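# Structural overview for review
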Amino acid sequence: MARKEIKAGIGYTVGNILIKSIAFLTLPIFSRLLSTEEFGVFNTYMAYEAILAIIIGLGMYPSIRNAGIDYESEIDTYVSTIVGITVVPLTVLTAGIFAARSLFHFGSEYPWYVFACLIFHSFGTAMLAISNARLALDYNYRKFMAYAAFNAIFNVVLSIALIKLVFTSSREYGRIVGSAIPLILIGIEIFISLGQRGHFRVKPDMAKYALGFGFPMIWHFMSQQIQSQFDRIAITNIVGAARTGIYSFSYSIAYVLQVIFYSAENVWGVWFYKKMKEEDYPTIRKVSRIYMAVIAFLAIGMLVVENEVIHILGPKDYWEGSGIFIPILIGIFMLYLYTIPVGIEYYFKKTRYIAMMTIISAIVNITGNLIFIPMYGYNAAAFTTFASYAFQFFVHWMISKKVLKQHSIVQNVFRLSDIMLILMVVIISGVAVYFLNAHILLKYVAFIIASLIALWFYRKELVFAFKEVIRKKK
């Protein structure tokens, strides 16, 4: 990868941590300002926000990467078309939710402004996803980082002010409003700026292309969000919001890994498309080994420090969440591994496969949560989520092999043995950490020794990657 691609990857990672990991970064503040129940209500709100953002965006933002090839000279018009289309679901959702509230007293236990925040917060998130996909084509991470910095600062300051000064008796609403307003403002700015670049044009052929790509992806992203968010909704309804607060506390820390690999995927995906077009499969295979090893190293590092981090970031009420952190994080790593083979399906525009299998995986997750949470408590949610991600990975691995065969590609773009080795190392590390948490010094010494062994094992790939960067730089 070129130097600009690596810099962009770092930029997107920092920016995404500021935007998507704000819940983690502010845990020491809001876990002390909110009770476990109030924290649970806020995280349930965020679960619904993530789902509505998909409906408003209509699953179209990943098509920008493909349009960068198919509509290269008209890419800004294409993005303007996508932005214009989102007005339709935004209008329908707004009218539908408030009509249901007025006619059927839907959600009457919550004030109207919570629903207003929910809808337009979701709009802001959808706009940011579209903007990020467009910026990634040019490796333009600086503007994304500007949005991220604005959101991070304004989100925290406004939330604290609202909790302390306005919503003193309903503190969860202060956190909700404080989180929504910055992204609403960002969404409005993006809508205007991207529309202006494309002269607010909506071309029918581009709309057909975007919706043809995006419609299956709605079900994919929706199912993906249900997989990651339904556990919190189920815990709230089956066990109670207080347990959701504890579960969400641990998940917020583990979610940092998801933010990192999705940030890296912005750069990896563009580079992967270029190499697929060049049919440079050996280079893809070599670099993918390094890519997986780096994410695995970060995952193991998070496993090692999780117990201490949870005790530092949260008050005692949240400490029991340490017990479920390990399966949560391994589940998120399993989700990362799924992005490796699914890239092949994206490249060849086989989005119907992606949507179909994610829906089935979500059903597996929902069924598991509804069966096992009442039996084993909220801890079961972490294991059912891992199981659904594992199912999703293996199904997409088989589909990706089929797609390659359909396009007469006989070479292995990725090797299953490489992926399984990485997964087993992470799982074994998680088990080891579980037993070594009571022996802190031994745990960290073992981690350092294992890291040195890993550096030796991957020394050839690291040298290759270093030479690639130097060659591209020259």
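Residues numbered from 1 in each chain as written. Predicted model: local features only at pLDDT ≥ 70, side-chain atom pairs only at ≥ 80, totals over all residues. Heavy atoms only, no water.

Turning our eyes to something else, we now look at the pattern of salt bridges. In the structure shown here, the tally under the stated rule is eight salt bridges. Here R171 and E38 are joined by a salt bridge, their closest N and O atoms 2.9 Å apart. Of the two residues, R171 sits in helix α10 (residues 171–197) while E38 sits in helix α4 (residues 36–57), which places them 133 residues apart along the sequence. Judged by its relative accessible area of 13%, E38 is buried. Where D418 meets R289, a salt bridge forms, and the shortest distance between an N and an O atom there is 3.0 Å. In this pair, D418 sits in helix α17 (residues 416–436) while R289 sits in helix α13 (residues 281–313), placing the two residues 129 residues apart along the sequence. In this structure, D418 and R289 share a single accessibility class: buried. It is possible to trace a salt-bridge network through shared partners that takes in D76, R134 and R197. (Salt bridge = Lys/Arg side-chain N within 4 Å of Asp/Glu carboxyl O. Helix = DSSP H or I, 4+ residues; strand = E, 2+ residues; numbered from the N terminus. Buried < 20%, exposed > 50% of the residue type's maximum accessible area, 1.4 Å probe, protein only.)

Quick look at a nonpolar patch on the surface now. A cluster of nonpolar residues, F150, I181, L185, I188, I192 and F200, forms a patch on the protein surface that exposes about 500 Å² of accessible area. A total of four residues in the nonpolar patch trace back to one element, the largest contributor, which is α10. The residue F150 is located in helix α9 (residues 141–165) in this model. (Patch = residues over 30% accessible without salt bridge, like charges linked within 9 Å, V, L, I, M, F, W, Y side chains within 5 Å. Areas by Shrake-Rupley, 256 points an atom, 1.4 Å probe, with all protein chains shown as cover.)

Scanning the entire structure with this criterion turns up 24 aromatic pairs. Relative to F167, the ring of Y113 lies with its centre 5.8 Å away and its plane at 50 degrees, an arrangement referred to as tilted. Within this pair, whereas Y113 is found in helix α8 (residues 112–137), its partner F167 is found in the loop between α9 and α10, the two being separated by 54 residues in sequence. Centre to centre, the rings of Y113 and Y173 are 6.3 Å apart; their planes meet at 90 degrees, and the pair counts as edge-to-face. Remark: Y173 occurs in helix α10 and Y113 occurs in helix α8; sequence separation between them is 60 residues. (Phe/Tyr/Trp six-rings, centres within 6.5 Å; stacked < 30°, edge-to-face > 60°.)

On to α10. The terminal C-alpha atoms of α10 lie 40 Å apart, and with 27 residues this matches the ideal 39 Å at 1.5 Å per residue to within 8%. A positive backbone phi angle near 55 degrees is found at H199, which sits one or two residues after α10. (Expected span 1.5 Å × (residues − 1).)

This part covers the nonpolar core. Counting residues in hydrophobic clusters, the biggest one holds 139 residues, and the most contacted among them are Y78, F272 and F333. The biggest single contributor to this core is helix α14 (residues 322–347), with 18 residues. With near-sequence residues (within four places) excluded, F272 lies in contact with I284, G343, I344, Y347, V413 and F414. (Core = buried A, V, L, I, M, F, W, Y, C linked by side-chain atoms within 4.5 Å. Contact = heavy atoms within 4.5 Å.)

Our focus in this paragraph is the layout of surface pockets. Over the atoms rolls a probe the size of a water molecule, and in doing so it shows where empty space is left. Space inside the largest pocket adds up to approximately 720 Å³. The wall of the largest pocket is formed by 27 residues, among which I300, V425, A450, S451 and A454 lie closest to the centre. Those elements that provide at least two residues to the lining of the largest pocket are α13, α17, α18 (440–457) and α19 (459–473). When residues of the lining of the largest pocket are assigned to their parent elements, the largest contribution, nine residues, is made by α18. In terms of residue class, the lining of the largest pocket is built from 23 nonpolar, two polar and two charged. (1 Å grid on protein atoms, 1.4 Å probe; cavity = no way out; pocket = protein on both sides within 12 Å on 5 of 7 lines; lining within 4 Å. Points joined across faces, edges and corners; volume = space filled by probe spheres on them. Nonpolar A, V, L, I, M, F, W, Y, C, P; charged D, E, K, R; others polar.)

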